[in-house]
Amino acid sequence: MADRVTVIGWDGSPLTAAARGALAAATLVAGAAHHLALPEVPPTAERIRLGSLPLAARRIAAHRGTAVVLADGDPGFFGVVRTLRAPEYGLEVEVVPAVSSVATAFARAGMPWDDAQVVVAHPRTLRRAVNVCRAHTKVAVLTAPGAGPAELGLLLEGVHRTFVICEELGTEREQVSVVTSDKAADHTWRDPNVVIVIGGPAGAGEGGGWIAGRDPGTGPRGWVQPDASYAVATAHGPGGGPGGGAGSGSAGVLGEGEKELLRAAQLARLGPRIGDLVWDIGCGAGAFAAEAARAGAAVIAVDHDPAACARTEGAARRFGVQLQVVYGSAPHVLENLPEPDIVRVGGGGPAVVSAVADRRPRRIVTHAATRDVAERVGRDLTEHGYRVQCALIQSVELDTRAWTETERNVAFLLSGVLPDRAP
């Protein structure tokens, strides 16, 4: 086992006395090519080019002597420290930090970043990183080959964002470029780079405050808001969902599938979270879409009614969340949408549920006005490989002044979970 492992952050500035002392005593130095070319690296030390971090960690653990690992920025922030401290290597690690590449990128842009989301984009996490960029107004993306500015721009099709792309920070080849997201794929970008993704109207509480990133305490309390919060009248009777037609209701009417208690059950079954992409098909007044976005998920709201699209955009503005609203009729309009993680089908009938199931999202939720329709939808989801749950939900509202019934709603709530993609 290495006698001592010192991890040194490098941001292009002259090395500190502590860093120079650790390097002078090193018998093994690991780092990228530009790190190993530093004049402070002892010529007699064994050198390891960092590629696979677990492989490098095993070699360091087997080394007899003093090891130094050089890394860009702050190595404790999405860096090598986490890997080196894994119990299986048994290493004791000292860290000499530097300014993180994210902090440097925002400094180059002259912007604060306490209100920013920070994500790492590898080919395997790229889609989730893009979903965070869809859902939030300020995101820093630490990229990797195959998951860089061009790929981010391509996957953000239909969502306008501004990219501040910081290439090779701290080196003589450092360059900062500002482009719109639709132009990012027109260029070849050098690694490593950090992309600051900015866009959309500023949401409530995203101007900084007591907590870094997105403040979960902003906005009204409650997972769901009262029907009256969406400034529409309340419809009586069935309507909406697979058993009741289009699902968006007539102009100015909150559809059956959007009522507060059913909406709460839908959200509970789906559990939207940061990194998810949610489809809300038959978005109506935008109640479900806005609340899924409040949970941090990226949301695409779909409706064939222009008035419903406008109401959904209004709900997003009121609650300070980011939404993409798509006008069109399902299932045809769904063909060109990016792959969803979870889907609420508020309208369109069993044919739309079946078309959604063909896309294999992790979870689907819908509702039906009759048992016959519920059984039909449930059988179809089962045939698609989903584990299906169905519950008959009845809500009765009372006027507490006289304790008399004012409204009664009944619906079958159906949900499907794809076992091989859960949770």
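Above this text is the structure in question.
So, here is what we can say about the structure in this document. What you are looking at is a predicted structure, and each value in this text was computed from that prediction instead of being measured. (Residues numbered from 1 in each chain as written. Predicted model: local features only at pLDDT ≥ 70, side-chain atom pairs only at ≥ 80, totals over all residues. Heavy atoms only, no water.)

## Some points on the overall build of the chain
Convention followed: Only runs of H or I of at least four residues qualify as helices and only runs of E of at least two qualify as strands under DSSP, and these elements are numbered from the N terminus. A 1.4 Å probe rolled over the protein chains alone gives each residue an accessible area, and that area as a share of the maximum for its type sets the label: buried under 20%, exposed over 50%, partly exposed in between. Whether two residues are in contact is decided by their heavy atoms, any of which lying within 4.5 Å being enough. The method behind every accessible area is Shrake-Rupley, applied with a 1.4 Å probe, and residues are considered shielded solely by the protein chains displayed. Charged residues are defined here as Lys and Arg on the positive side and Asp and Glu on the negative side; His and the ends of the chain fall outside this count. The atom standing in for a charge is NZ when the residue is Lys, CZ when it is Arg, CG when it is Asp and CD when it is Glu.
Along the backbone of the chain there are twelve helices and 19 strands. Projecting the C-alpha coordinates of the chain onto the three principal axes gives extents of approximately 85 × 45 × 40 Å. The buried share among the 423 residues of the chain stands at 52%. A fraction of 65% describes how many contacts in the chain between residues 6 or more apart in sequence connect residues 24 or more apart. A total of about 19,100 Å² of accessible surface is found on the chain, and carbon and sulfur atoms cover 54% of it. Charged side chains in the chain number 41 positive and 45 negative. The centres of these two groups are separated by 3 Å.

## What to know about the sheet that holds strand E1 (residues 4-10)
Here is the rule we go by: Two strands make a pair as long as DSSP finds a minimum of two bridges between them. Simply put, an axis is a line fit to the C-alpha atoms, just over the touching stretch for a helix, and the angle between two N-to-C directions goes from 0 to 180 degrees.
Strand order across the open sheet formed by five strands is E3-E2-E4-E1-E5, with parallel pairing between neighbours. Single-partner strands in this sheet number two, and they are strand E3 (46-49) and strand E5 (93-96). Pairs of neighbouring strands in the sheet enclose a mean axial angle of 20°, with direction left out of account. Pairing analysis gives four bridges linking strand E2 (residues 28-31) to E3, with the strands arranged parallel. By the bridge assignment for E3, Ala-30 is matched with Ile-48. Along the sheet, helix H1 (residues 17-24) makes contact with E1, E2, strand E4 (66-72) and E5, crossing E1 at roughly 135°.

## Looking at a nonpolar patch on the surface
Operational definition: A residue counts toward a patch only above 30% relative accessible area and without a salt bridge, and it is joined to like-charged neighbours within 9 Å or, for Val, Leu, Ile, Met, Phe, Trp and Tyr, to nonpolar neighbours within 5 Å. Put simply, a salt bridge is a Lys or Arg side-chain nitrogen that is within 4 Å of an Asp or Glu carboxyl oxygen.
A contiguous nonpolar surface patch, about 320 Å² in accessible area, is contributed by Val-396, Leu-398 and Trp-403. Structurally, Val-396 can be placed in strand E18 (residues 387-399). On the accessibility criterion, Val-396 (36% relative accessible area) is partly exposed.

## Some remarks on unusual backbone geometry
Omega for the bond connecting Asp-191 with Pro-192 falls within 30 degrees of zero, at -5°, which places this linkage in the cis form. Tracing the chain through its elements places Pro-192 in the loop between strand E9 (175-180) and strand E10 (193-198). Along the chain, Ala-330 connects to Pro-331 via a cis peptide bond; the corresponding omega equals 10°. Tracing the backbone through its elements, the reader meets Pro-331 in the loop between strand E15 (324-327) and strand E16 (342-345). Even without glycine at this site, Phe-78 takes up a positive phi of about 55°. Along the chain, Phe-78 falls in the loop between E4 and helix H4 (81-84). A positive phi angle, near 60°, is found at Arg-360, a position not held by glycine. Note that Arg-360 resides in the loop between helix H11 (350-358) and strand E17 (363-368). For Arg-360, a relative accessible area of 30% translates into the label partly exposed.

## What to know about the packing of aromatic side chains
Put simply, the rule is: Centres within 6.5 Å are what make two rings of Phe, Tyr or Trp a pair, Trp counting through its six-membered ring; a difference in plane orientation under 30 degrees is then read as stacked, over 60 as edge-to-face, and the rest as tilted.
Evaluated as defined, the whole model comprises three aromatic pairs. A centroid spacing of 6.0 Å and a plane angle of 10° characterise the contact between Phe-106 and Trp-113, whose relative ring orientation is stacked. For Phe-106, a relative accessible area of 1% gives the class buried. Accessibility expressed as a relative area gives 31% for Trp-113, which makes it partly exposed.

## Section: the packing of H11 against helix H12 (residues 371-383)
Defined as follows: When an angle is under 35 degrees it counts as roughly parallel; over 145 it counts as roughly antiparallel; between 65 and 115 it counts as roughly perpendicular; any other value is oblique. Handedness of a crossing is defined here by the sense of rotation of the near helix relative to the far one, left-handed for an anticlockwise turn of less than a right angle and right-handed for a clockwise turn. Under the scheme applied here, ten amino acids are nonpolar (Ala, Val, Leu, Ile, Met, Phe, Trp, Tyr, Cys and Pro), four are charged (Asp, Glu, Lys and Arg), and all others, including Gly, are polar.
Running from N to C, H11 and H12 point in directions that differ by 15°, and their axes come no closer than 10 Å. By the angle class used here, H11 and H12 are roughly parallel. Regarding H11 and H12, the two cross each other, and that crossing is right-handed. Between H11, through Pro-350, Val-353, Ser-354 and Ala-357, and H12, the contact on the second element is made entirely by Val-373, Arg-376, Val-377, Asp-380 and Leu-381. Split by residue class, the contact of H11 with H12 holds six nonpolar, one polar and two charged.

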